[in-house]
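# Summary of the model geometry
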Amino acid sequence: KPHLLQTIANCGNDTTATGQLFDGLAYAAMGQKLRVLDAKTGVLTDEFALGDQIVQGMSQSGNRLYLTVFDNPTNQAALRYLDITATGLVASSSVAIPGLATPHALGEPVVADGYAWFTAGDRVVTVEVIHNFVVKSDLTLPQTVVNDVQLNGSGLGIASGLVGQQGGATGSAIVLQANDAT
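Scope of this entry: the structure provided in the associated data block. As the structure is a computational prediction, the values presented were derived from the model and not from experiment.

This part covers the packing of aromatic side chains. Tallied over the full model, the rule gives 1 aromatic pair. Arranged with centres 5.7 Å apart and planes meeting at 40°, the rings of Tyr66 and Tyr81 form a pair that is tilted. Here Tyr66 is found in strand S6 (residues 64-71), whereas its partner Tyr81 is found in strand S7 (residues 76-85), with 15 residues between them in sequence. As far as the burial class goes, Tyr66 and Tyr81 line up, both buried.

Right, let's talk about unusual backbone geometry for a bit. Positive phi outside glycine occurs at Asp23, with the angle close to 55°. Mapped onto the elements of the fold, Asp23 is located in the loop between strand S1 (16-22) and strand S2 (25-30). One non-glycine residue, Asn75, adopts positive backbone phi at about 55°. Position of Asn75 among the secondary structure elements: in the loop between S6 and S7. Classification of Asn75 as partly exposed rests on a relative accessible area of 47%.

The subject of this paragraph is the pattern of salt bridges. Pairing between side chains becomes possible if they bear opposite charge and their charged atoms approach one another. Inspection of every chain in the model, using the stated rule, returns 2 salt bridges. Between Arg35 and Glu47 there is a salt bridge; the shortest N-O distance is 3.0 Å. Residue Arg35 is located in strand S3 (residues 33-38), and its partner Glu47 is located in strand S4 (residues 44-49); the two are separated by 12 residues in the primary sequence. Across the salt bridge formed by Asp83 and Arg64, the nearest N and O atoms sit 3.5 Å from each other. Placement of Asp83 in strand S7 and of Arg64 in strand S6 is noted, with a sequence separation of 19 residues between them.

The strand order across the open sheet formed by 4 strands is S5-S6-S7-S8, and the pairing between neighbours is antiparallel. Of all the strands in the sheet, the pair left with one neighbour each is strand S5 (53-61) and strand S8 (88-97). Recorded for the sheet is a direction-independent mean angle of 25° between the axes of neighbouring strands. Across 9 bridges, S7 lies against S8 in antiparallel orientation. Within S8, the position partnered with Ala78 by the bridge is Ala96.

Glancing now at the pairing of S4. Of the strand pairs in this sheet, S3 and S4 are connected by 5 bridges, and their pairing is antiparallel. Looking at S4, one finds that Leu37 is bridged to Leu44. In this antiparallel pair of consecutive strands, S3 and S4, the connection spans 5 residues, and Gly42 shows a positive phi of 80°.

Basis of the calculations
- Residues numbered from 1 in each chain as written.
- Predicted model: local features only at pLDDT ≥ 70, side-chain atom pairs only at ≥ 80, totals over all residues.
- Heavy atoms only, no water.
- Phe/Tyr/Trp six-rings, centres within 6.5 Å; stacked < 30°, edge-to-face > 60°.
- Helix = DSSP H or I, 4+ residues; strand = E, 2+ residues; numbered from the N terminus.
- Buried < 20%, exposed > 50% of the residue type's maximum accessible area, 1.4 Å probe, protein only.
- Salt bridge = Lys/Arg side-chain N within 4 Å of Asp/Glu carboxyl O.
- Pairing = 2+ DSSP bridges.
- Axes fitted to C-alpha atoms, helices over the stretch in contact; angles between N-to-C directions.

Structure, rendered in structure tokens:
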């Protein structure tokens, strides 16, 4: 039966937006920083400053953390990744996600087969993350608010959200052909 081991209090007024657990470490996005904590003891082992960016979503694949972020000064959304190394987190690359009506609405990135998929309001965005780190596709789903996207490697994906006009929107599962992200 699961039981609570501990609660690690955050210093300051920032909320903990999202987190990942990998290789005995907990990665917690708190305001404009990413804090790395020993998962068993709660001891802070590293902290990575994000400047004016606030994490909206985070996922881990291999030795990389993928972050969807909102940049306050530019009012711009971006996907960035950090390498997880023996000496700490290292900023590696990022790409701006242009044209979002609500740049704060980025979802958790899902990384599969060399692409990061994530939701952005009424869109599902894919970014090639192996070589160029560029936006490969931007699928707009009319009259839709997409909350989450999941893939399992079968060539199909599923997104959850609302479909329809304001006031008459219906909670829906949206099936996507996902075997070719280009």
